[in-house]
Amino acid sequence: MRDETRKKIIRWFWILLCFPFAAIALLLLLVGIFAKIPSFEELERPDNKLATQVLAEDGEVLCTFHIENRTYVAYKDLSPHLVHATVATEDKRFYRHSGIDLRGLGRVFFKTLLRGDMSQGGGSTVTQQLAKTLYPRMESGSRIPGWSKVVMIWNKMREWITAVKLERDYTKDEIMAMYLNSIFFGSGAYGVKTAAETFFAKQPAELTVEESATLIGMVNKPTRYNPVLNYDRSLSRRNFVIDRMQQSKYLSRAQADSIKALPILLSYSVRDHNSGLAPYFRDRLRRDMSATRPRRSEYEDRELYSADSLRWEQDGIYGWLNKNRKPDGSRYDLDRDGLRIHTTLNYKMQKYAEEAVAEHLGKNLQPKFNSEMRWKRNRPFAADISQESIGRLMMQARKWSDRYRSQKKQGLNENEILAQFSKPVKMRVFSWNRKGYIDTLMTPDDSIRYYKGILRAGFVAIEPGTGHVKAYVGGPNYRYFKYDNVGQGRRQVGSTIKPFIYAYAMEQGMTPCYRLIDQTYLITLPNGDSWAPKQDGGTSGATVTLKWGLTHSKNNISAFLMKTFGPEAVVGMMRRLGISGRIDAVHSLCVGSADVSPYEMVAAYNTFPSKGIYTSPLYCTRIEDNQGVTLSEFTTHAREAFDAVTAYEMVDMMQGVVNNGTGFRLRGTYGLQGEIAGKTGTTNDNSDGWFIGYTPYITAGVWVGAEDRQVHFSSTALGQGANAALPIWALFVKKCLADGSIGWYTSDRFTPPAGVQLDIDCGTVHVGEGGIIEEESAEDLYFN
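None of the values given here were measured: they were computed from a predicted structure.

Undergrad: Teacher, can you tell me more about the overall build of the protein here?
TA: Each helix and strand counted, the protein has 29 helices and 24 strands in total. Counting across all 784 residues of the protein, residues that qualify as buried make up 51%. Within the protein, residue pairs in contact and separated by at least 24 positions form 68% of the contacts whose partners lie at least 6 positions apart. Carbon and sulfur atoms make up 52% of the accessible area of the protein, which totals about 36,600 Å².

Undergrad: Honestly, the sheet that holds strand 18 (residues 630-633) in this entry has me stumped. Any pointers?
TA: Either a parallel or an antiparallel arrangement is found when strands of a sheet pair, and the pairing is made through backbone hydrogen bonds. Reading across the sheet, the five strands line up as 2-1-5-17-18 and stay open at both edges, with mixed pairing between neighbours. Two strands close off the open sheet at either side, each with one partner strand: strand 2 (61-65) and strand 18. Each strand axis lies, on average, 20 degrees off the axis of its neighbour in the sheet, ignoring direction. Of the strand pairs in this sheet, strand 1 (residues 52-55) and strand 5 (residues 340-343) are connected by three bridges, and their pairing is parallel. Looking at strand 5, one finds that Val54 is bridged to Ile341.

Undergrad: Looking at this structure, how should I read the packing of helix 20 (residues 498-507) against helix 23 (residues 567-576)?
TA: Packed helix pairs are specified by the crossing angle of their axes together with the interaxial distance, meaning the distance between the axes. Axis separation between helix 20 and helix 23 bottoms out at 9 Å; the angle between their running directions is 100 degrees. Classified by the angle between their axes, helix 20 and helix 23 sit roughly perpendicular to one another. Across from Phe500, Ile501, Ala503, Tyr504 and Glu507 in helix 20, the residues of helix 23 making contact are Ala569, Val570, Met573, Met574 and Arg576. Residues that form the contact of helix 20 with helix 23 fall into these classes: eight nonpolar, no polar and two charged.

Undergrad: What's the story with the state of the cysteines in this structure? I'm lost.
TA: Within this structure, the stated rule accounts for one disulfide. With its sulfur 1.8 Å from that of its partner, Cys513 forms a disulfide with Cys762. Here Cys513 and Cys762 share a disulfide; its torsion about the S-S bond, -100 degrees, makes the bridge left-handed. With Cys513 in the loop between helix 20 and strand 11 (515-517) and Cys762 in the loop between helix 29 (726-738) and strand 23 (766-767), this residue pair connects regions lying 249 residues apart in the sequence. Here Cys513 and Cys762 have matching classes, each one buried.

Undergrad: Would you mind showing me how to read the pattern of salt bridges here?
TA: When the charged atoms of two side chains with opposite charge come close together, those side chains can pair. On inspection of all chains with the given rule, the structure shows 37 salt bridges. Note that Asp333 is salt-bridged to Arg336, the shortest N-O span being 3.5 Å. On the basis of relative accessible area, Asp333 is assigned to the partly exposed category, the value being 27%. For Asp739, the salt bridge goes to Lys348, with nearest N and O atoms at 3.5 Å.

Undergrad: Which parts of the structure should I look at to understand the sheet that holds strand 21 (residues 688-694)?
TA: Spatially, the five strands line up as an open sheet ordered 9-8-22-21-20, and their pairing is antiparallel. The two strands at the open ends of the sheet, each matched to only one other strand, are strand 9 (469-473) and strand 20 (677-682). Between one strand axis and the next, the sheet turns by 5 degrees as a mean value, whatever way the strands run. In this sheet, strand 9 lies alongside strand 8 (residues 456-462) in antiparallel orientation, the contact comprising four bridges. Bridge pairing links Phe459 to Val473 in strand 9. On top of the sheet, helix 15 (residues 347-373) reaches strand 8, strand 9 and strand 22 (699-705); it is set at about 35 degrees to strand 9, its chief contact. Contacts from helix 25 (residues 644-660) reach strand 20 and strand 21 within the one sheet, and its direction differs from that of strand 20 by about 60 degrees.

Undergrad: How do you make sense of a nonpolar patch on the surface when you look at a structure like this?
TA: Taken together, the side chains of Val228, Leu229, Leu266 and Tyr268 define a hydrophobic patch exposed on the protein surface, amounting to about 340 Å² of accessible area. Structurally, the position occupied by Leu266 is in the loop between helix 11 (253-260) and helix 12 (279-289).

Undergrad: When you look at the pairing of strand 5 in this model, what are you seeing that I'm missing?
TA: If a strand is regular, its side chains alternate between the two faces of the sheet. In the sheet, strand 5 pairs with strand 17 (residues 620-624) via four bridges, with the strands oriented antiparallel. Bridge pairing links His342 to Arg622 in strand 17.

Undergrad: Would you mind going over empty space enclosed by the protein with me for this structure?
TA: A water-sized probe, rolled over the atoms, reveals where empty space remains. Tallying each qualifying case throughout the model produces one cavity of 30 Å³ or more. In this structure, the largest cavity occupies an estimated 70 Å³ of space. If you go around the largest cavity, you meet 13 residues; those closest to its centre are Leu455, Asn686, Ser687, Gly705 and Phe713. Looking at the lining of the largest cavity residue by residue, the class counts come to seven nonpolar, six polar and no charged.

Undergrad: So what exactly am I meant to see when it comes to helix 12 here?
TA: Quick reminder: α-helices carry 3.6 residues per turn. Residues three or four places apart thus point the same way. The buried fraction of helix 12 is high, at eight of 11 residues. Turning to helix 12, its buried residues number three or more, namely Pro279, Tyr280, Phe281, Arg282, Arg284, Leu285, Asp288 and Met289.

Undergrad: Mind showing me how you'd approach the pairing of strand 6 (residues 425-430) here?
TA: Looking at chain direction, strand 6 and strand 7 (residues 437-442) are connected through six bridges and run antiparallel. Note on strand 7: the bridge partner recorded for Val429 is Ile438. Hairpin connection between strand 6 and strand 7: a loop of six residues separates the two successive antiparallel strands, and Gly436 in this loop has a positive phi of roughly 90 degrees.

Undergrad: Just checking my understanding: could you explain the nonpolar core for this structure?
TA: Where a protein is soluble and globular, its nonpolar side chains tend to be buried together. Formed by 96 residues in total, the largest nonpolar core has its most connected members in Met289, Phe500, Met574, Met601, Phe608, Ile623 and Met650. Counting 52 residues, the second-largest nonpolar core is a separate cluster that includes Ile676, Phe691, Ala700 and Ala730.

Undergrad: Just checking my understanding: could you explain the confidence of the model for the protein for this structure?
TA: Across the protein, the average pLDDT comes to 86, with 84% of residues at 70 or higher. Every residue in residues 108-121 scores below 50 in pLDDT, and together they form 17 contacts with partners more than four places removed in sequence or on other chains. Residue range residues 764-784 is modelled with pLDDT below 50. Its contacts to residues more than four positions away, or to other chains, number 41 contacts.

Undergrad: Could you clarify how one ought to interpret helix 19 (residues 444-452) in this entry?
TA: All of the buried residues in helix 19 are Pro444, Asp445, Ser447, Ile448, Tyr451 and Lys452. In an axial view of helix 19, the angular spread of the buried residues amounts to 160 degrees, which keeps them on one side of the axis. In this structure, the buried residues of helix 19 make contact with helix 16 (387-400), helix 17 (402-409), strand 6, strand 7 and strand 8.

Conventions we followed
- Residues numbered from 1 in each chain as written.
- Predicted model: local features only at pLDDT ≥ 70, side-chain atom pairs only at ≥ 80, totals over all residues.
- Heavy atoms only, no water.
- Helix = DSSP H or I, 4+ residues; strand = E, 2+ residues; numbered from the N terminus.
- Buried < 20%, exposed > 50% of the residue type's maximum accessible area, 1.4 Å probe, protein only.
- Contact = heavy atoms within 4.5 Å.
- Areas by Shrake-Rupley, 256 points an atom, 1.4 Å probe, with all protein chains shown as cover.
- Pairing = 2+ DSSP bridges.
- Axes fitted to C-alpha atoms, helices over the stretch in contact; angles between N-to-C directions.
- Parallel < 35°, antiparallel > 145°, perpendicular 65-115°, else oblique.
- Nonpolar A, V, L, I, M, F, W, Y, C, P; charged D, E, K, R; others polar.
- Disulfide = S-S within 2.5 Å.
- Salt bridge = Lys/Arg side-chain N within 4 Å of Asp/Glu carboxyl O.
- Patch = residues over 30% accessible without salt bridge, like charges linked within 9 Å, V, L, I, M, F, W, Y side chains within 5 Å.
- 1 Å grid on protein atoms, 1.4 Å probe; cavity = no way out; pocket = protein on both sides within 12 Å on 5 of 7 lines; lining within 4 Å.
- Points joined across faces, edges and corners; volume = space filled by probe spheres on them.
- Core = buried A, V, L, I, M, F, W, Y, C linked by side-chain atoms within 4.5 Å.
- pLDDT = per-residue confidence, 0-100.
- Arc of directions from axis to C-beta.

Listed below in structure tokens is the structure:
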């Protein structure tokens, strides 16, 4: 062979040998120069869609706002089993390479691509997988032949550069933490912290070997290996991970064999927007934080406009997202920015409140209502409701439905849309059964009637003195009933208004032992007519006390006070107690004709155990960014509504309601001990049942009723506040008292104001025949 030929062969040999490496180097250089590589800030926080956490007062997560339900966890808070399972399964040379595993790439090329052996796995390292997650691949939208290959290579080069940057600037532990925070595990769980909570109700540090192997086994195909959806496949995949851990010397053969024999034990709870603890509170929080500056044109009631305008000025949480900006001037996003919202809610109290609502409605009240509805001709509507009224309510419900609105947007005409409401379709509806739903076939019209027959409830608990909201339940089930009956609902308050009237009377110099005649008191109306409220059981003509009148919720005694002081005085008292909506200054206020939300009613009642100081309810103390930096802090606003003497007189009288009056079943049925004060309330036709009660440590209120006032119990024994609402209050308090960690004690007492002589010992009296005052046992009044 000639020398010239030999030189050409050698030259081409080196050209062919070096060209691939030169091409790769050139591509890396071009990508490094022209491609947009994630900043280190983006790398450090693996995703810009971090879930905002709503935290209870003890720091436990109540719920989240999220697009992707992801919460960051540090390496020190990871179980070592998680790390071992990841390394053994995804990247066994993780601690020996610098971002790119050349041996792994060679294995993929020769064994996977050439020999078709798919068991060898992919060639991407954990660092490369992290880079791919952080930096989504560019899609090829061109039809040029071969262009997709170019885009694929371009994407791969970018991932390699990002992987090298990660390895250069972060430790292996930090990379591992970022990787585990970036993975999607299925069931709406992004990141290992959310996955551990979703599938096992644990923190990542608490995961066992088998639990860690189950989660890491899902990384490859989250749906295929989801233990809820595909148990057998998940079990097989988990055992494959355990075998890899044994091969990598993280487990002995004996350990691996014993662990593989274990079943997958789940504590599964999907963390979506309809589930989790305190969903109604989360919805309230979003509404308040997203509020815009009130405009008069958007309000029908001047009072509500004034109240919201005042909130805009004084309440930092109201409209927070529109009042505050990030350092770069952009708006905060609840679903993406990973804020930490510290609330006043007590995690256990919230849990017990939700349990109490479900227990009473689901096991007791709804079955009785269903039984009563069985005999109604126009169920669920009351027998005396006209067909015209029923038609109007049904049409209103149709037009409010998602079905109607979506089809209206699609351009269908009115008749086409409404015709569909009489055609049976498959649907899933709410039920109080074990599953929480029923799959059935019914017409949309029948489903409207069905849902109108489901009783709703609202419950809120506020701490005396501080005004801190401790529990908030807006309805029976947030997935099916989004309306917040605590904050949005405004219903007639019935006899729960009476303590406001009595408080004004105490303030004007009357005492609980003030004596008057038990008779009808006619009130002359502005038009000259006379009016008196209906009084169940009639009147006796005997001399009684104001304390007796409130204990037995006598309408005629309230009418006497209204006649004495006038409706304007009562409206003024209600304003002092924080009630902001429309209140007509009419004499029928004495029996509770005003519509007020449970939130405002309970806040008003909280003034009594707070020694006359009205404190605006507070449910959020501070907001932090995702680094833990405090952005805003919030406090309550307090003012004196009446003096401590008036407050204590009311406390004493309202204890009489519980000890001897309409609230006695707290003692008789539920066996509650300690000092308790409160008031029941029932509106016309039993449309609304109320109970608001307080102890030295909590004030809580319950409203129960249907969506429409035209749907209600026929029986007052079932529909009155003492039966419909009071049991929820009792169940909640019993659960809290049984939990010693909450710190409530039946030995706690209301404290009277010091240095004041009070006229509150009126004796226990009952009106007998001929107007004679007699001793009375509370049991005699059980159903009054």
